[in-house]
Amino acid sequence: MTAERSSRPAAKAGPATMITVAPTGAELEKSAVPPLPVTLEELVTTAKECREAGAAIIHVHIRGSSAQPTLDLSRLKDTVHALRESTDLIVQLSTGGAVTDPFERRLAVLDAAPDGCSLTCGTVNFGDEVFMNPWPFMCELYVRTQERGVVPEFELFDLGHVAALHRLLDKYGPPFGGHVHCDLVMGVPGGMPGDAATLVQAVAALPAGATWSATGVGRTSLPVMFAALAAGGQLRVGMEDTITFSRGRPVRSNAELVERAATLADLAQRPAMTPDQARAMLGIPDRH
Ligand code: KMH
Ligand code: ZN
């Protein structure tokens, strides 16, 4: 594909909606959010429920024995294996980890041989912290995804990240699988705001032919979901990004967030797509 900025809009989505669930993240404490899945058993149960509710991809952060975020390779391998055994979901491992994770550990995530991985296209203020993604790290991670046959999802927290994505594709060519898929992560304090006007601007700047999903953090979750559906995008939901279902009502499970997304997708006459349909769209081989 060509990576130049184009006046052509990003590819129109097909009739169906790809729903990604991001069930855990690296920021929340289990003690503060009891329904957060942190053990392998909880994660597998969540994955099955979310598949049933309409998810096609699971974006995975794992926790260690004390429920703290970890990038332990053997746990990551066990997780990929268990999720593949128990569901047909596309397994996407986070290479973002927690803001404290060193670059080498984040690169080593690919050794767990997931179907896909996140690849954030630049550094961003992340609440009171900084989520570090300097250019040399992005390049190293991208080249490794090409070598290992892992399909990256480009995480864009800011409009500047879209420019960095173009630069990456110009320098190293298309990703494994040949298709560019992006995720707009909106409403992070320090990143782009989660509103329809910003979403439209970001989508217009994406590489020609790219598909995209969007997720709105916290209270931007619903506006971003409505805007993404209206603009032909895909959806990402989950407790990594949102722990309040409605004003004053905590999220009870990841599955209820997926269910709500699938209901809205149905209303938009773009029902949830299956993992196999998502594989075909993203160029991901079936490793089951
Ligand atoms: N936990 C954030 C610092 C990713 O998964 O790649 C980074 C993050 C993005 O969640
Ligand atoms: Zn993540």
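Residues numbered from 1 in each chain as written. Chains lettered and ligands numbered in written order. Predicted model: local features only at pLDDT ≥ 70, side-chain atom pairs only at ≥ 80, totals over all residues. Heavy atoms only, no water.

**A closer look at the site of ligand 1**
Counted only if it meets this: One heavy atom within 4 Å of a molecule or strand makes the whole residue count as near it. Polar contacts here mean pairs of N or O atoms no more than 3.5 Å apart (in protein, one a potential hydrogen donor and the other a potential acceptor; neighbouring residues in sequence count only if both atoms are side-chain atoms). Reported accessibility uses the Shrake-Rupley method at a 1.4 Å probe radius. Residues are deemed covered only where the shown protein chains occlude them. Asp, Glu, Lys and Arg are counted as charged, while Ala, Val, Leu, Ile, Met, Phe, Trp, Tyr, Cys and Pro are counted as nonpolar; the rest, among them Gly, fall into the polar class.
Near ligand 1, the surroundings consist of Glu27, His59, His61, Ser94, Gly96, Gly97, Val99, Ser118, Thr120, Phe126, Phe131 and Glu240. One of the side-chain nitrogen or oxygen atoms of Glu27 is found 2.8 Å away from a nitrogen atom of ligand 1. In isolation ligand 1 exposes 300 Å². Once the protein is present, 97% of that is buried. Taken together, the residues of the shell around ligand 1 break down into three nonpolar, seven polar and two charged.

**Topic: the sheet that holds strand β9 (residues 151–156)**
Heads up, the condition is: When DSSP finds two or more bridges between a pair of strands, those strands are recorded as paired. By definition, any uninterrupted DSSP run of H or I lasting at least four residues is a helix, any uninterrupted run of E lasting at least two residues is a strand, and each is numbered from the N terminus. Axes here mean lines fitted to C-alpha atoms, for a helix over just the part in contact, with angles spanning 0 to 180 degrees between N-to-C directions. Residues count as neighbours in contact if any of their non-hydrogen atoms are within 4.5 Å of one another.
Spatial ordering of the closed barrel is given by β1-β2-β5-β6-β9-β10-β11-β12, a layout of eight strands whose pairing is parallel. Between one strand axis and the next, the sheet turns by 30° as a mean value, whatever way the strands run. The pairing of strand β1 (residues 19–21) with strand β12 (residues 234–237) spans three bridges and is parallel. By the bridge assignment for β12, Thr20 is matched with Arg236. In this fold helix α6 (residues 196–204) packs onto β10 (181–186) and β11 (211–216), with an angle of close to 155° to the strand it touches most, β10. Of the strands in this sheet, β1 and β12 are in contact with helix α8 (residues 254–267), which crosses β1 at around 165°.

**A word on the pattern of salt bridges**
Keep this limit in mind: Salt bridges are identified by distance alone: a Lys or Arg side-chain nitrogen within 4 Å of an Asp or Glu carboxyl oxygen. Whether a residue is buried, partly exposed or exposed follows from its accessible area with a 1.4 Å probe, protein chains only, as a fraction of its type maximum: under 20%, in between, or over 50%, in that order.
If you walk through the whole model with that rule in mind, you get 13 salt bridges. Residue Asp111 pairs with Arg148 through a salt bridge whose shortest N-O separation is 2.5 Å. Linking Asp111 in the loop between α3 (103–108) and β6 (116–120) with Arg148 in helix α4 (residues 135–148), this pair joins segments that are 37 residues apart in sequence. Classification of Asp111 as partly exposed rests on a relative accessible area of 36%. Counted as one network, the salt bridges with shared partners bring together Glu155, Asp183, Arg236, Glu240 and Asp241.

**Description of the nonpolar core**
Note the threshold: Joining through side-chain atoms within 4.5 Å is the link that ties buried Ala, Val, Leu, Ile, Met, Phe, Trp, Tyr and Cys residues into a set, and such a set is a nonpolar core.
Counting 74 residues, the largest nonpolar core has Ile58, Phe154, Leu184, Leu199 and Trp212 as its most contacted members. The biggest single contributor to this core is α8, with seven residues. With 11 residues, the next largest nonpolar core counts Ala16, Ile57, Met273 and Met281 among its residues.

**A word on the coordination of the zinc ion (ligand 2)**
Worth spelling out the cut-off: Distances up to 2.8 Å from the metal define which N, O and S atoms are donors, and 3.2 Å serves for Na, K and Ca; water is absent from the atom set, so sites may look incomplete.
The coordination sphere of the zinc ion (ligand 2) contains the protein donors His59 (NE2), His61 (NE2) and Glu240 (OE), at a distance range of 2.1 Å. Summarised as a motif, the one-chain spacing of the donors to the zinc ion (ligand 2) is H-x1-H-x178-E. In this pair, His59 is assigned in strand β2 (residues 57–60) and Glu240 in the loop between β12 and β13 (244–246), connecting sequence segments 181 residues apart. One exposure class covers both His59 and Glu240, and it is buried.

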